[in-house]
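Chain by chain, the residues run as shown.
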Amino acid sequence: VISLVPPPFHGEVVKAAIRTKTPVVTASYVSDEVRALEAEAKKAGIPVLCEMGLDPGLDHMAIQSIIDNARDMGCGPVMSFQSTCGGLPAPECANNPLLYKFSWSPRGVLAATGAAARYRRDGEEVDLQHGTAVFDASIPALDLFPGLSLEVGPNRNSLAYEMVYGVRPGAPTFFRGTLRYAGWADAMKTAMALGLLDRTPRKGPKPVSWAHLCDALGISHSSLAEIVRDQGVGSSVVQWLGIENGDGLIPGIESLGYDTEIGWSPVDLFAQVLWSKCQYMPGERDMALMHNTIVFGNGEGGTSFTSKLMVMGDGKAEGSAMARTVGITAAVGAEIILEGALDGISGVRMKQISKRVLSLIARAGSPRTANATYNAVNCTLVPLSLSITIRSSAPRAAQCMRRRLSALRRMEFASKSKR
């Protein structure tokens with residue numbers, strides 16, 4: 001079974017797979033619910049391979065590969081770790097005030113938006129609670145992909161990944177972030193101020209018009225007027241959603257049904273609104289971005305590794321950037337399972353899985369990526385490119401690292417020549 005359902009349902013999928021003794025591949029994190037099933041999965045003799053997607057998946061693999069190669073080169077401990085990833089519409093298709101469209105569950109996107117976050121930057125540990133503080137921590141990221149006006153916001157608990165990647169705790173900078181077009185954080189702050197991100201279950205009939213929802217959330221005409229007067233991103237969002245037109249129906253509300261026994265929450269209604277207004281239209285392209293920069297060394301000297309991924313969709317569902325980065329990775333996971341190399345619950349952060357996956361993906365390439373080549377330094381699919389900058393105050397150490405890097409590049413050339 002290749003399970004691409006929303007994360008909360010993977011536990012039920014794995015339970016059913018255990019009953020039928022069927023292996024499972026997912027593109028989601030190893031949840032506590034799935035992890036708790038490991039003994040049962042082993043007893044049933046089935047492997048469950050998780051994190052076989054873009055994020056999580058290729059991001060973990062690329063990072064772990066960089067760290068392993070840096071250790072082989074003797075680059076020293078991690079001084080700075082910054083990893084960012086995001087799925088976005090191609091620039092010409094970012095044609096709404098959010099500059100965003102959904103290639104996966106809107107409810108999942110909103111659940112992750114503004115989640116509590118921990119990270120370290122320039123020696124200072126930052127601990128942010130859910131909500132406005134997280135949105136305020138978003139910063140411009142104009143230098144990551146020149147030509148794209150991006151921002152990056154903190155992605156949950158970054159510090160938990162020091163142990164995951166085997167990094168010595170206490171690196172002055174350790175940050176994982178989510179990429180969005182500039183303005184996303186301000187738009188979400190407006191949604192939060194209006195109560196649209198509220199997850200509290202409510203009973204009674206679901207509001208069918210903006211007027212009903214505003215009454216339920218206590219949104220006054222004066223508060224709406226104040227947002228509109230601001231003329232910022234929030235103003236554009238309010239007008240685009242149609243909230244000012246109080247008697248207007250909430251877009252997509254009919255698909256949620258009107259069963260008063262089920263209940264509703266504001267964030268569920270908001271997710272449905274966004275799904276109805278932010279879908280990819282036929283021919284529109286999406287884009288997958290990933291940028292990792294890790295600096296190793298001691299004192300003033302250091303070696304900086306930067307890997308970048310930019311995959312553009314082709315305007316067809318089966319050729320979207322998300323379908324390719326997630327689909328190929330999951331398919332490689334299924335191939336590994338068929339070879340009988342796994343049992344129990346696994347994630348791609350296991351080194352033996354990661355190396356095998358990256359090698360297979362590099363050989364498989366992508367039928368829609370004409371410039372796919374193999375890079376032996378970071379063992380992954382180009383357009384994931386790698387650049388290494390050596391900054392060392394010790395000339396002999398720098399010379400040694402350059403020799404090792406030269407040897408790795410000769411291995412890369414030999415690998416290309418054989419194919």
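Remember, it's a predicted structure, so these values are computed and weren't measured experimentally.

Scanning the chain for helices and strands turns up 15 helices and 15 strands. A buried classification covers 52% of the 419 residues belonging to the chain.

With the rule as written, the count across this model stands at 7 aromatic pairs. Between the aromatic rings of Tyr 100 and Phe 102, the centroid separation amounts to 5.1 Å while the plane-to-plane angle is 80 degrees, which identifies the pairing as edge-to-face. Considered together, Tyr 100 and Phe 102 belong to a single accessibility category, that of buried residues. An aromatic cluster of three or more residues is present, and its members are Phe 81, Tyr 161, Tyr 165 and Phe 174. If you follow Arg 180 out to its NZ or CZ, it ends over the ring of Trp 184, 5.2 Å from the centre.

Okay, the confidence of the model for the chain next. A low pLDDT score tells you not to read the predicted coordinates there in detail. Put simply, the chain has an average pLDDT of 82, and 81% of its residues get 70 or more. Within the chain, strand E13 (residues 374–375) has the poorest average pLDDT of any element, 26, and strand E8 (residues 150–154) the best, 98. Across residues 390–419, confidence stays below pLDDT 50; counting only partners more than four residues off in sequence or on other chains, it has 37 contacts.

What follows covers the side chain of Thr 306. For Thr 306, the location among the structural elements is in strand E11 (residues 302–312). Side-chain polar atoms of Thr 306 contact the side chain of Thr 293, separated by 3.3 Å.

This next bit is on helix H10 (residues 221–230). All buried positions along H10 are accounted for by Leu 224, Ile 227 and Val 228. Seen from one end, H10 has its buried residues packed into an arc of 100 degrees, which puts them on one side. Turned more than 90 degrees off the buried face of H10, the exposed positions are Glu 226, Arg 229 and Asp 230. Buried residues belonging to H10 abut helix H8 (184–193), helix H9 (210–217) and helix H11 (233–241).

What follows deals with the pairing of strand E10 (residues 286–296). Within a regular strand, the side chains alternate between the two sheet faces. With 11 of 11 residues buried, E10 is to be regarded as a mostly interior element. Alignment of strand E4 (residues 78–89) against E10, held across 11 bridges, turns out to be antiparallel. Looking at the pairing, Ser 83 lines up with Asn 292 of E10. Pairing analysis gives 10 bridges linking E10 to E11, with the strands arranged antiparallel. Among the inter-strand pairings, Met 290 is bridged to a residue of E11, identified as Leu 309.

Calculation criteria
- Counting restarts for each chain, with residues numbered from 1 along the sequence as it is written.
- Only residues with pLDDT of 70 or above have their local features reported here, since the model is predicted, and side-chain atom pairs are shown and tallied only from 80 upward, although totals for entire chains, interfaces and linings are computed over all residues.
- Side-chain measures were taken over the full set of non-hydrogen atoms in the model, leaving aside hydrogen atoms and water.
- Strands here are runs of E lasting at least two residues and helices are runs of H or I lasting at least four, both read from the DSSP assignment and numbered beginning at the N terminus.
- When a residue's accessible area, from a 1.4 Å probe over protein chains only, is under 20% of the maximum for its type it is buried; when over 50% it is exposed; and in between it is partly exposed.
- Only rings of Phe, Tyr and Trp enter the pairing, Trp through its six-membered ring, and a pair is recorded when the two centres are within 6.5 Å. The plane angle decides the type: under 30 degrees is stacked, over 60 is edge-to-face, the rest tilted.
- Cation placement over rings: the criterion is NZ of Lys or CZ of Arg within 6 Å of the ring centroid and within 35° of the ring normal.
- A score between 0 and 100, pLDDT records how confident the predictor is in each residue.
- By definition, residues are in contact when any of their heavy atoms lie within 4.5 Å.
- In the analysis that follows, any N or O atom pair within 3.5 Å is treated as a polar contact, provided that within protein one partner can donate a hydrogen and the other can accept it, and provided that, for residues neighboring in sequence, both atoms belong to side chains.
- For this quantity, the arc is that covered by the directions from the helix axis to the C-beta atoms.
- Note: two strands are recorded as paired if DSSP finds a minimum of 2 bridges between them.

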